[in-house]
Amino acid sequence: MRVFVAGGGLAGLSAATVLAEAGHEVIVAEREEFWGGRAGAWTETLPDGTPFQMERGFHAFFRQYHCLRALMRRVDPDLRVLQPAEDYPVLGPEGAVQTFRDLPTSTPANIATLAWRTPTIGLFDLPRVRLKPTLAMMAYGDHTWAKWDGLSATDYLDALRFPAEARRMLFEVFSHSFFNPEDDFSAAELLMQFHFYFLANPEGLVFDTMREPFSTGLFEPLAGYLRERGASLRTGTSVERLNLGRDPIAITLSDGTVERADALVLGLSVPGLRGLAQASPPLGALLGDAMGSLQTTWPFAVHRLWLDRPVRADRAPFAGTVGLGILDNISVYEKLETESAAWTRAHGGSVVELHAYAVPPTMDEAAMKAEMLQGLHTAYPETRGAKVLHDVFLLREDCPAFRPGSYAARPGVATADPRVKLAGDYVKMPFPCALMERATASGFTAANQLLGEAREPLPHGPPRGPLARFRL
Ligand SMILES: Cc1cc2nc3c(=O)[nH]c(=O)nc-3n(C[C@H](O)[C@H](O)[C@H](O)COP(=O)(O)OP(=O)(O)OC[C@H]3O[C@@H](n4cnc5c(N)ncnc54)[C@H](O)[C@@H]3O)c2cc1C
């Protein structure tokens, strides 16, 4: 087969990897000048002329991301590029700290330990907590979508009647991590995430981070691996139009060339896929009702700061934050990546990155920056007097929305045209997974479907929670 892969993020590159390994002719076109999409990295320059790798920001590589790890092992068999994150503290206002370190990995021991450890849950609060919706977390299964998808995460969390402070510390970071505003995020999607990340995750709520920028740590080696297997790779090349009425399919690219292929993997972001469907009505028709579910959620902001003085030595490499305005987390980059560590050694300061997920669309850049910086000053007071030597601010709007009630229309990997497959972190999968793992698993699935065999294994955790048979 000659297979065309549109989009060079994790989804597209995963599909390309399996297809190229199977000996097929693969062409990948990526609109940006770099590989990796939302997990990619590109070169920018500091005011003193030093080049550095900028990214959309910190990414957690969870241990139960089995497909992603299988992809990474292609170029790094021992996963040396990953390093364990010791803890994942959540910092609240007035010095509150919630830690997820060393939790048991099985349910209900993990829940009991977490509740016991949470100072904002007292014995008197427990009778108020509603048992049935709380147990629904442990009852994830196919029925969850029918029962809960019509409600929002806010409806669900309200129904638990957790003490307000405990709810903030335990759940707010979690629901924000999917970029969707809580009151416009499907309760069923949230329950699936609880199941996948925490309650049915034998690896525990721990993750690794990359020692290196994503470009040198993963995507450039992976591009080399694909080229060695004969794949033709093009960056800076956008897919403009498809002619699905022909066999082979005709694909018009931004450089004016037309490629022909027997099969197509669309590993595009949601806006990319929508744009292509608008330019190619037969693709819109093929996607049918699914088009309505293909929406982006609120924008996210990343602000990286090069400070003239270091943060306190005991600060965590990555910490979630709640109750600090739009700020959702703080990364101390010299504790994460070698490149920033070298800068800090040379200049004595800190490289700090602030994230805000699901930023209200009405907020302007100056207000976002001010609120995130204020959050940093509150959480890490030693930064109050620090001078910002350089900063990079990104505001993007390309993460998928998971609106209440959208599940039924969401597309899967297969389409009605057996030559055309979808892959991406918005795609419906038959087992629980999310974000980078869903992107990779859907890419592998797309390749398997085109090959007509389960060539690439799709390892995953338990598809159902321990209480699923009670259909709570
Ligand atoms: C700030 C931030 C933090 C995150 N943190 C985490 C985390 O900690 N853990 C985690 O698991 N996930 C995290 N994610 C999510 C993760 O990055 C995504 O789930 C994953 O990268 C999605 O991969 P994808 O291949 O589905 O989509 P993308 O990476 O969006 O890839 C789609 C590609 O298609 C390209 N494209 C679009 N249109 C066209 C066109 N017409 N022609 C050619 N190419 C086109 C785009 O340029 C892009 O490269 C984070 C995301 C962000 C933004």
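Values in this document were obtained by computation on a predicted structure and should not be read as measured data.

> Mind showing me how you'd approach the overall build of the protein here?
Of regular secondary structure, the protein possesses 15 helices and 20 strands. At 22 Å, the protein has a C-alpha radius of gyration in line with the 23 Å of a compact globule built from 472 residues. Referenced to the eigenvectors of the C-alpha coordinate spread, the extents of the protein come out at roughly 65 × 60 × 45 Å.

> Even after reading the chapter, I still don't get the site of the ligand, so can you show me in this structure?
Around the ligand, the structure places 35 residues, and the nearest of them are Gly7, Gly9, Gly37, Gly272 and Leu435. Among the secondary structure elements, those contributing two or more residues to the shell around the ligand are α1 (10-21), α10 (270-279), β15 (300-307) and α15 (435-451). Each of two domains, domain 1 (2-39 + 213-294 + 402-451) and domain 2 (42-85 + 207-212 + 297-396), supplies a minimum of three residues to the shell around the ligand.

> Is there a simple way to explain the packing of helix α2 (residues 66-73) against α15 in this structure?
The axes of two packed helices give the description: the angle between them and the distance between them. Their axes nearest at 7 Å, the elements α2 and α15 cross at an angle of 70°. Classified by the interaxial angle, the pair formed by α2 and α15 is roughly perpendicular. In this structure, α2 uses Cys67, Leu68 and Leu71 to contact α15, whose residues at the interface are Met436, Glu437, Thr440, Ala441 and Phe444. Grouping the constituent residues of the contact of α2 with α15 by class yields six nonpolar, one polar and one charged.

> Please explain unusual backbone geometry as it appears in this structure.
Residues other than glycine predominantly adopt negative phi, and peptide bonds predominantly adopt the trans conformation. Here the residue pair Asp247 and Pro248 is connected by a cis peptide bond, since its omega of 5° sits within 30 degrees of zero. Counting through the fold element by element, Pro248 comes out in the loop between β11 (239-243) and β12 (249-253). The residue Phe179 is not glycine, and still its phi comes out positive at about 70°. Owing to 23 C-beta atoms within 10 Å, Phe179 belongs among the buried residues under this scheme.

> I keep staring at α1 and nothing clicks. Help me out?
In an α-helix, one turn spans 3.6 residues; hence positions three or four apart end up facing the same way. Between the first and last C-alpha of α1 there are 16 Å, a value that for twelve residues agrees with the 16 Å anticipated at 1.5 Å per step. Here α1 lies mainly inside the structure; eleven of its twelve residues are buried. Taken together, the buried positions of α1 are Leu10, Ala11, Gly12, Leu13, Ser14, Ala15, Ala16, Thr17, Val18, Leu19 and Ala20. Buried residues along α1 sit in contact with β1 (2-6), β2 (25-29), α2, α9 (214-228), β14 (263-266) and α15.

> Hey, could you run me through the nonpolar core in this one?
Among soluble globular proteins, nonpolar side chains are generally buried collectively. Judged by nonpolar contacts, the single largest core of 143 residues is most densely connected at Val5, Ala15, Ala16, Leu191 and Val352. It is helix α8 (residues 187-199) that contributes the most residues to this core, nine residues altogether. Here Ala15 is in contact with Val5, Val265, Gly267, Ala423, Gly443, Ala446 and Ala447, once residues within four sequence places are set aside.

> So what exactly am I meant to see when it comes to the environment of Ala439 here?
Along the polypeptide, Ala439 turns up in helix α15. Contacts of Ala439, omitting those with residues within four sequence positions, involve Gly9, Leu10, Ala11, Gly424 and Asp425.

> Just checking my understanding: could you explain the sheet that holds β11 for this structure?
Within a sheet, each strand pairs with its neighbour through backbone hydrogen bonds, oriented either parallel or antiparallel. Within the open sheet, the three strands sit side by side as β11-β12-β13. Their pairing is antiparallel. Among the strands making up the open sheet, the edge pair consists of β11 and β13 (258-261). With direction set aside, neighbouring strand axes in the sheet form an average angle of 25°. In this sheet, β13 lies alongside β12 in antiparallel orientation, the contact comprising four bridges. Each residue of the ladder has a partner; that of Thr252, found in β13, is Val258.

> Even after reading the chapter, I still don't get the pairing of strand β9 (residues 207-210), so can you show me in this structure?
Along any regular strand, the residues point their side chains to alternate faces of the sheet. Pairing of strand β5 (residues 61-62) with β9, which is carried by two bridges, proceeds in the antiparallel orientation. Each residue of the ladder has a partner; that of Phe62, found in β9, is Phe207.

> I'm lost on the sheet that holds strand β16 (residues 318-321) in this one. Help?
With respect to topology, seven strands assemble into an open sheet ordered β8-β7-β16-β17-β18-β15-β19, the strand pairing being mixed. The sheet is open, and its two edges are formed by β8 (97-98) and β19 (388-396), each paired on a single side. The pairing of β16 with strand β17 (residues 329-332) spans three bridges and is antiparallel. Of the residues in β17, the one forming a bridge with Phe318 is Ser331. Strands in contact with helix α14 (residues 365-379) are β7 (90-91), β15, β16, β17, β18 (350-356) and β19; relative to β18, the strand with the most contacts, it is inclined by about 120°.

> I'm lost on the domain arrangement of the protein in this one. Help?
As a measure of interface size, the accessible area lost when the parts come together is often cited. Along its sequence, the protein is organised into domain 1 (2-39 + 213-294 + 402-451), domain 2 (42-85 + 207-212 + 297-396) and domain 3 (103-203). Counting residues at the interface gives twelve residues for domain 2, matched by twelve residues for domain 3.

> Before we go on, may I ask you to explain the environment of Ala386 in this structure?
By secondary structure assignment, the location of Ala386 is in the loop between α14 and β19. For Ala386, a count of 20 C-beta atoms within 10 Å corresponds to the buried category. Ala386 sits 77 residues away from Arg309 along the chain, and the two C-alpha atoms are 6.0 Å apart. When sequence neighbours within four positions are dropped, the list of residues in contact with Ala386 reads Leu307, Asp308 and Arg309.

> Is there a simple way to think about the packing of α1 against α15 in this case?
Relative to each other, α1 and α15 sit at 35°, their axes nearing to 7 Å. As for how α1 packs across α15, the hand of that crossing is right-handed. Residue-level inspection shows Leu10, Ala11, Gly12, Leu13, Ser14, Ala15, Val18 and Leu19 of α1 in contact with α15, the latter providing Met436, Ala439, Thr440, Ser442, Gly443, Phe444, Ala446, Ala447 and Leu450. Split into classes, the residues belonging to the contact of α1 with α15 amount to twelve nonpolar, five polar and no charged.

Criteria and thresholds
- Residues numbered from 1 in each chain as written.
- Predicted model: local features only at pLDDT ≥ 70, side-chain atom pairs only at ≥ 80, totals over all residues.
- Helix = DSSP H or I, 4+ residues; strand = E, 2+ residues; numbered from the N terminus.
- Rg over C-alpha atoms; globule rule 2.2 N^0.38 Å.
- Near = placed C-beta within 6 Å.
- Domains from an automatic or database assignment.
- Axes fitted to C-alpha atoms, helices over the stretch in contact; angles between N-to-C directions.
- Parallel < 35°, antiparallel > 145°, perpendicular 65-115°, else oblique.
- Contact = placed C-beta atoms within 7 Å.
- Nonpolar A, V, L, I, M, F, W, Y, C, P; charged D, E, K, R; others polar.
- Buried ≥ 20, exposed ≤ 12 C-beta atoms within 10 Å, placed from the backbone.
- Expected span 1.5 Å × (residues − 1).
- Core = buried A, V, L, I, M, F, W, Y, C linked by C-beta atoms within 7 Å.
- Pairing = 2+ DSSP bridges.
- Left-handed = near helix turned anticlockwise from the far one by under 90°.

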